[in-house]
Amino acid sequence: MEDYNKEYYWEFYLRDNPLTKDNTKDCIAEVKTGPKTLTKEDTAREIKRTGSELKLPTILSVTSQDSDIILEALLNGDSVITDLCQFSPRILGAFDNPDAQFDPAIHKLTFDIIPTKKLRDALKNVKVINMGAKADVARIRLVTDTLTGLFDGSITASEDIMITGNNIKIAGDDAVVGIFFVADDGTTTKVTRRLTQNDPSKVIARVPALADGSYTLRIVTQFSQSSMTLKEARTLEYPTKLVVGDSGGGDRPEIE
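Residues numbered from 1 in each chain as written. Predicted model: local features only at pLDDT ≥ 70, side-chain atom pairs only at ≥ 80, totals over all residues. Heavy atoms only, no water.

Under an unreviewed UniProt entry, the name given to the chain is DUF4469 domain-containing protein, and the organism recorded is Parabacteroides segnis.

Following this line, the structure appears as structure tokens:
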């Protein structure tokens, strides 16, 4: 039997709290999990390894039956208690009056999952290690002129560019959000045409009718990998100058 009196350790990072827009400094913890998620096959093999006389297929059959029985009870609206947690059925969403009907567009079926005393007591033996702020990996990696296929910094006015990177999707209602071309004199031109593609790793945008010259590509977005947008918009700039006209491309960017 596992010794739950020994010490365990959770490592966690801190990242911006997306739920509090008035506080730009508070954070929430994100636990660093292992590279693998435990499956029922993993637990069956562990049961076998720790001394069960049952064959592995038998263990898998029993655990699958257990899951099916629990699922049937939950679908019937029953509450279920296991060694580790209690499942209680719940309906999310408000009803306008006592006669209101269930509306799938408003209401959602779910479960409250509550740890049992066994799990709560075991958690007392978990120590935590703060790994600091989570690294910000948002960046623009490469800009390609889709007309010429070049990615040396040369772009064509009134044609599309393909921007690749990490967490570059244009999202959020803040007025500062968007894609911008900033001239050397500080003049800023925003992309107003609808984006052809707008994904976290790739954005295709139409270059405005810019005059010949060099520009800095700037992306301002509130995109977050969570279900909530960032409280404060994030600004990303491409390190290579983008050049419109015959003056040639900028320094060729390194591709990682």
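Enquirer: So what exactly am I meant to see when it comes to the environment of Ser67 here?
Expert: With respect to the secondary-structure elements, Ser67 resides in helix H2 (residues 56–75). When the C-alpha atoms of Ser67 and Thr116 are compared, they prove to be 18 Å apart, with 49 residues separating the residues in sequence. (Helix = DSSP H or I, 4+ residues; strand = E, 2+ residues; numbered from the N terminus.)

Enquirer: Can you help me understand the side chain of Thr116 in this one?
Expert: If you trace the backbone, Thr116 turns up in the loop between strand S5 (108–115) and helix H3 (117–123). What makes Thr116 buried here is its relative accessible area of 13%. A polar side-chain atom of Thr116 sits 2.7 Å from the main-chain carbonyl oxygen of Asp83. Excluding residues within four positions of it along the chain, Thr116 makes contact with Ile81, Thr82, Asp83, Leu84, Cys85 and Gln86. (Buried < 20%, exposed > 50% of the residue type's maximum accessible area, 1.4 Å probe, protein only. Polar contact = N/O pair within 3.5 Å; in protein donor to acceptor, adjacent residues only side chain to side chain. Contact = heavy atoms within 4.5 Å.)

Enquirer: I keep staring at H2 and nothing clicks. Help me out?
Expert: Because an α-helix completes one turn every 3.6 residues, residues spaced three or four positions apart along the sequence face the same direction. Over its 20 residues, H2 extends 29 Å from the first C-alpha to the last, a length consistent with the 28 Å expected when each residue adds 1.5 Å. Buried residues of H2: Ile59, Ile70 and Leu74, and no others. End-on, the buried residues of H2 take up no more than an arc of 45 degrees, which puts them together on one face. In H2, the exposed positions angled more than 90 degrees off the buried face are occupied by Pro57, Asp68, Ile69 and Leu75. For H2, the secondary structure elements touched by its buried residues are helix H1 (40–49), strand S3 (80–81), strand S4 (85–92) and S5. Looking one or two places after H2, you find Gly77, whose phi comes out positive at around 85 degrees. (Expected span 1.5 Å × (residues − 1). Arc of directions from axis to C-beta.)

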